[in-house]
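# Breakdown of the fold
Given next are the chains, with one letter for each unit.
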Amino acid sequence: MIDYTDRIPNNVDLGRDRVLQRALEHWQPAYLDWWYDMGPTESHSYEVYLRTAISVEPDGWAQFGYVKMPEYRWGIFLQPRDESRQVNFGTHKGQPAWQEVPGEYRSALRRIIVTQGDTEPASVEQQKMLGLSCPSLYDLRNIFQVNVEEGRHLWAMVYLLHRYFGRDGREEAESLLARRSGDEDNPRILGAFNEPTPDWLAFYMFTFFTDRDGKFQLCALAESGFDPLSRTCRFMLTEEAHHMFVGETGVGRIIQRTCEVMKQHNIEDPADVRSQGVIDLQTIQRYLNFHYSVTLDLYGSDVSSNAANYFTSGLKGRFRETKLEDDHVLSSADYPVFEVSGGKIVTKQVGALTALNERLRDDYIEEIKDGVSRWQRVIDHAGVPFKLTLPHKGFHRAIGNFAGHYITPDGQVVREEAWKQRQYEWLPSDADYKYVQSLMCGRVAEPGKFANWIAPPLRGINSQPLNFEYVRFN
Ligand SMILES: [Fe+2]
Ligand SMILES: [Fe+2]
């Protein structure tokens, strides 16, 4: 018999929970099968310089060393319990936080946990092939770190399903390993997680935009009145920060390299920029437009009775709920949402409870703006006359009040034909993808070397030098 306490670092007293142990005995081998099948291609014997969490203490969640990824110790960690914690919003506000699942919210909570859990293996599947075209060992190590941590986030959600949801939970845990990103018959639950991530620019955009959606969802669930969910999400957030760092610095380094080459050769025309083997800023803008718009859809409909119910029941709060100064019930407050009416975008006040998806989306957009302005600084600093912009919130949307309307990046409502005629000014075309992929046809695997289209990072991982052997191929 496998000693799970040893194999699975945890702070949930796994060794003493027989029911949970038995559930994991079935699930763990299935998880490994999934990893061998859908984890990073050809990577199983590599030794990767990874961070492994072995406890929630500051010195325990960042242990670095060489690991073969199938032997990564996917742990189960919850932030320590605060005995005095309460439900902080909705109709149960002021009651002690729930340590077990309230019967009337069982199916809603299970749905929330499954939807979050489904995104974690999905992104590993989307990124499966990228290791074969990495721009450096440093970047290869980073994508693998992101992949094993998304695997751990799946473990975190599966722990909750096994521990608190009995047989339905076990069935859901199996389904999480059966769906596949982009599969026609059995796709992942949310749209953006079925889009391909075909190249490294898409990967960095994904970790900047879509992992940040993950952050905001986790922040909202960290406020949950169901305490084990809250404590699980709080620990996951420590890892999510690294994923967004990988995305922001990855795009930043691509921009930096492009600007260096533009200045060096005194060129601005995208065709000239491409002839130097780097990615023109116009293409980067189109990738940005795509990833931003598909990620905005992940927040759901602008007006949603589900969102209202989740809040009123105390299951899912707002971003930084306990720091907000209002009644935390919202029964009489309003919130503005956009609507397309008579060929124009107009603002409409709706009940704040029904607009909670929109509010979380707006909080997210604020943080995105800051990141994009940091990218802009790289361009300005190089002295290149180019402005990166965030498209209008309604651009290229498939869910909510903008769905079915044709909105330009600057917020004009236009006819379908007019929009379609110009869509490849705004979104990556097949030719763009082909060009970007042509730069990434093999891996750069010599320690300290970087592909021509990306600048080296400022520093290495865990104070190691840039020419450190972050991955050993064996
Ligand atoms: Fe995650
Ligand atoms: Fe992530």
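Data block above holds the structure.
As a starting point, this report considers the structure included with it.

Rules used throughout
Within any chain, residue numbers begin from 1 and follow the written order of that chain's sequence. Throughout, the order in which chains and ligands are written sets their labels, letters from A for the former and numbers from 1 for the latter. Per-residue local features of the predicted model are confined to residues with pLDDT of at least 70, and side-chain atom pairs are confined, for both listing and counting, to 80 or more; whole-chain, interface and lining totals are unaffected and use all residues. Note that water and hydrogens are dropped before the side-chain values are worked out from all heavy atoms of the structure. Only nitrogen, oxygen and sulfur atoms count as donors, using a 2.8 Å cut-off from the metal that widens to 3.2 Å for Na, K and Ca. Water is left out, so coordination shells may look unfilled. In this description a helix means any DSSP run of H or I spanning at least four residues, a strand means any run of E spanning at least two, and both kinds are numbered starting from the N terminus. Working definition: with a 1.4 Å probe on protein chains only, accessible area under 20% of the residue-type maximum means buried, over 50% means exposed, and in between means partly exposed. This arc is taken over the directions from the axis of the helix to the C-beta atoms. Only heavy atoms matter for contacts: two residues are in contact if any of them lie within 4.5 Å across the pair. Angular criteria define each label, namely tetrahedral for four donors with all angles between 85 and 135 degrees, square planar for four and octahedral for six donors with opposite donors over 155 degrees apart and remaining angles between 65 and 115, and irregular for whatever fails these tests. We call a pair of cysteine sulfur atoms a disulfide whenever their separation is within 2.5 Å. Any two strands between which DSSP finds at least two bridges are classified as paired. Axis definition: a line fit to C-alpha positions, over the contact stretch in the case of helices; interaxial angles, taken between N-to-C directions, run 0 to 180 degrees. What a helix is expected to span follows from its residue count: subtract one and scale by 1.5 Å. Bend is the name given here to the angle between axes fitted to two runs of seven residues, the run ending at a residue and the run starting at it. Stacked, edge-to-face and tilted labels apply to pairs of Phe, Tyr and Trp rings (six-membered ring for Trp) whose centres lie within 6.5 Å, assigned for plane angles under 30 degrees, over 60, and everything in between, in that order. Just to be clear on terms, a salt bridge is a Lys or Arg side-chain nitrogen sitting within 4 Å of an Asp or Glu carboxyl oxygen.

### Observations concerning the coordination of the iron ion (ligand 1)
Only Glu120 (OE), Glu150 (OE) and His153 (ND1) from the protein reach the iron ion (ligand 1) as donors, at distances of 2.1 to 2.2 Å. Summarised as a motif, the one-chain spacing of the donors to the iron ion (ligand 1) is E-x29-E-x2-H. Between the iron ion (ligand 1) and the iron ion (ligand 2), a spacing of 3.4 Å is present, and a bridge between the two is formed by Glu150. Separated by three residues within a single helix, Glu150 and His153 lie in helix 4 (residues 137–164), roughly one turn from each other. What makes His153 buried here is its relative accessible area of 0%.

### As for helix 13 (residues 430–439)
For helix 13, the complete set of buried residues consists of Asp432, Tyr433, Tyr435 and Val436. Taken end-on, helix 13 shows its buried residues confined to a sector of 160°, consistent with a single buried face. Within helix 13, the exposed residues directed more than 90 degrees away from the buried face are Asp430 and Lys434. Those residues of helix 13 that are buried lie in contact with helix 6 (200–222), helix 8 (270–275) and helix 9 (281–296).

### With respect to the coordination of the iron ion (ligand 2)
Coordination of the iron ion (ligand 2) by the protein is provided by Glu150 (OE), Asp211 (OD), Glu240 (OE) and His243 (ND1), with metal-donor distances spanning 1.9 to 2.2 Å. Between the four donor atoms coordinating the iron ion (ligand 2), the angles at the centre fall across 89 to 174°, so the site counts as irregular. Spacing between the donor residues of the iron ion (ligand 2) along their common chain follows E-x60-D-x28-E-x2-H.

### Describing the state of the cysteines
Throughout the structure, instances matching the rule amount to zero disulfides. Looking at the unpaired Cys219, the closest cysteine sulfur is the one in Cys233, lying at 9.1 Å. For Cys219, a relative accessible area of 14% corresponds to the buried category.

### A look at the sheet that holds strand 2 (residues 63–68)
Taken in spatial order, the three strands line up as 2-1-7 in an open sheet, and their pairing is antiparallel. The outermost strands of the open sheet, each flanked by one partner alone, are strand 2 and strand 7 (471–472). Bridge count between strand 1 (residues 47–52) and strand 2: six bridges; the pairing is antiparallel. Looking at strand 2, one finds that Leu50 is bridged to Gly65. The sheet strands contacting helix 4 are strand 1, strand 2 and strand 7, and the helix crosses strand 1 at an angle near 50°.

### Observations concerning unusual backbone geometry
One non-glycine residue, His328, lies in the positive phi region at around 60°. Although it is not a glycine, Asn462 adopts a positive phi angle of roughly 50°. Inspection of the secondary structure puts Asn462 in the loop between helix 13 and strand 7.

### What to know about the pairing of strand 4 (residues 344–351)
Strand direction decides the pairing type here: strand 3 (residues 334–341) and strand 4, joined by eight bridges, are antiparallel. What sits directly across from Pro336, in strand 4, is Gln349. Connecting the antiparallel pair strand 3 and strand 4 is a turn made up of two residues, with Gly342 showing a positive phi of about 60°.

### Quick word on helix 7 (residues 227–265)
Each turn of an α-helix holds 3.6 residues, which means side chains three or four residues apart point in the same direction. Here helix 7 spans 58 Å end to end across 39 residues, near enough to the 57 Å set by a 1.5 Å rise per residue. For helix 7, the principal kink sits at Thr238 and spans about 30°. Backbone geometry just after helix 7 places Asn266 at a positive phi near 55°.

### Details of the packing of aromatic side chains
Applying the stated rule across the entire model yields 39 aromatic pairs. Summarising the aromatic geometry, the rings of Tyr46 and Phe473 are spaced 5.0 Å apart at their centres and angled 85° between planes, so their arrangement reads as edge-to-face. One end of the pair, Tyr46, is in the loop between helix 2 (18–38) and strand 1; the other, Phe473, is in the segment after strand 7, with 427 residues separating them in the sequence. Taken together, a centroid distance of 4.9 Å and an interplanar angle of 65° make the contact between Tyr49 and Phe468 edge-to-face. Separated by 419 residues along the polypeptide, Tyr49 in strand 1 and Phe468 in the loop between helix 13 and strand 7 bring together distant segments of the chain. By relative accessible area, which is 6% here, Tyr49 ends up buried. What links up through ring pairs into an aromatic cluster is the set Trp27, Tyr31, Trp34, Trp35, Tyr72, Trp74 and Trp155.

### So, the pattern of salt bridges
The full count for this structure, using the stated rule, is 37 salt bridges. A salt bridge links Arg179 to Asp118, with the nearest nitrogen and oxygen atoms 2.7 Å apart. Taken together, the residues span a long stretch of sequence, with Arg179 in the loop between helix 5 (166–178) and helix 6 and Asp118 in helix 3 (residues 106–126) at a distance of 61 residues. The buried category is assigned to Arg179, whose relative accessible area is 12%.

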